[in-house]
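Inside the fold
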Amino acid sequence: LCANVEIKPGPGREAETGARVAADCARLFAGQPQLPLLSSFSVAALAAARDAAPQLPRALLLTEWREDWLAQAQALGVCAIDLDWRVLNAERVAAIHQAGLWLLSWTVNDADTAQALWEMGVDALCTDAPDELAAG
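Residues numbered from 1 in each chain as written. Predicted model: local features only at pLDDT ≥ 70, side-chain atom pairs only at ≥ 80, totals over all residues. Heavy atoms only, no water.

1. Structural notes on the packing of helix α1 (residues 14-28) against helix α2 (residues 43-52)
- Where α1 meets α2, the closest approach of the two axes is 7 Å, and the angle between their N-to-C directions is 40 degrees. Classed by the angle they form, the pair α1 and α2 counts as oblique. Note that α1 runs across α2; the crossing there is right-handed. In this structure, α1 uses Glu 14, Ala 15, Gly 18, Ala 19 and Ala 22 to contact α2, whose residues at the interface are Ala 44, Ala 45, Ala 48, Ala 49 and Ala 52.
- Its residues placed into classes, the contact of α1 with α2 shows eight nonpolar, one polar and one charged. (Axes fitted to C-alpha atoms, helices over the stretch in contact; angles between N-to-C directions. Helix = DSSP H or I, 4+ residues; strand = E, 2+ residues; numbered from the N terminus. Parallel < 35°, antiparallel > 145°, perpendicular 65-115°, else oblique. Left-handed = near helix turned anticlockwise from the far one by under 90°. Contact = heavy atoms within 4.5 Å. Nonpolar A, V, L, I, M, F, W, Y, C, P; charged D, E, K, R; others polar.)

The following block contains the structure:
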């Protein structure tokens, strides 16, 4: 299991929150073999996190498929895209992997959906129901 730390800034505090979360995670996870993944819907928060702790991996969270996802990912230097599972298809999974990025999908709470996503090539799942997925 890996930690996915979502940066959830309040309005007008995107950069401040991104920098603070990144600095705190860098300190708390220093020397650990597995670093946390910092993720956010906020481009400003991710940019600030990148500047504050460039060694920490980052992911861009998206609620919908956007045609500018790759340009945005490259500008932020993220290693992953986190997408709502309901907007995924095999073509989009392939495009993300072809760009050299990991694909995380959220929030998957049933075993059948999880299995379909694994078969499609999703790299990781976020869930509120690990017991449900383990039973499936």
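2. Some details on the packing of α2 against helix α3 (residues 69-76)
- Across the interface, α2 lies against α3 with an axial gap of 10 Å and an inter-helix angle of 30 degrees. Judged by the inter-axis angle, α2 sits roughly parallel to α3. In this structure, α2 contributes Val 43, Leu 46, Ala 47 and Arg 50 to the contact, and α3 contributes Gln 72, Ala 75 and Leu 76.
- Broken down by class, the residue content of the contact of α2 with α3 amounts to five nonpolar, one polar and one charged.

3. Regarding the environment of Leu 88
- Along the polypeptide, Leu 88 turns up in the loop between β4 (80-84) and α4 (90-98).
- A C-alpha to C-alpha distance of 27 Å links Leu 88 and Gly 18, two positions 70 residues apart in sequence.

4. Re the nonpolar core
- Among the nonpolar cores identified, the biggest contains 22 residues, and Ile 81, Leu 83 and Ile 96 are the most heavily contacted of them.
- Put simply, the parts of the chain that give this core at least two residues each are α2, β3 (58-62), α3, β4, α4 and α5 (111-120).
- Take this core: its biggest share by element is three residues, from α3.
- Sequence-distant contacts of Ile 81, defined by excluding residues within four places in its chain, comprise Leu 60, Leu 62, Trp 69, Ala 73, Ile 96, Leu 101, Trp 102, Leu 103 and Leu 104.
- Within the second largest apolar cluster, nine residues are counted, among which are Ile 7, Ala 22, Cys 25 and Leu 38. (Core = buried A, V, L, I, M, F, W, Y, C linked by side-chain atoms within 4.5 Å. Buried < 20%, exposed > 50% of the residue type's maximum accessible area, 1.4 Å probe, protein only.)

5. Concerning the sheet that holds strand β6 (residues 124-125)
- Strands sit in the order β1-β2-β3-β4-β5-β6 across an open sheet of six strands; the sheet is parallel. Here the strands that pair on one side only, and so sit at the sheet edges, are β1 (4-6) and β6.
- Both strand β2 (residues 37-40) and β3 contribute to a ladder of three bridges, which runs parallel. Along β3, the bridge assignment pairs Leu 38 with Arg 58.
- The strands that α4 touches are β4 and β5 (102-106); relative to β5, the one it contacts most, it runs at about 140 degrees. (Pairing = 2+ DSSP bridges.)

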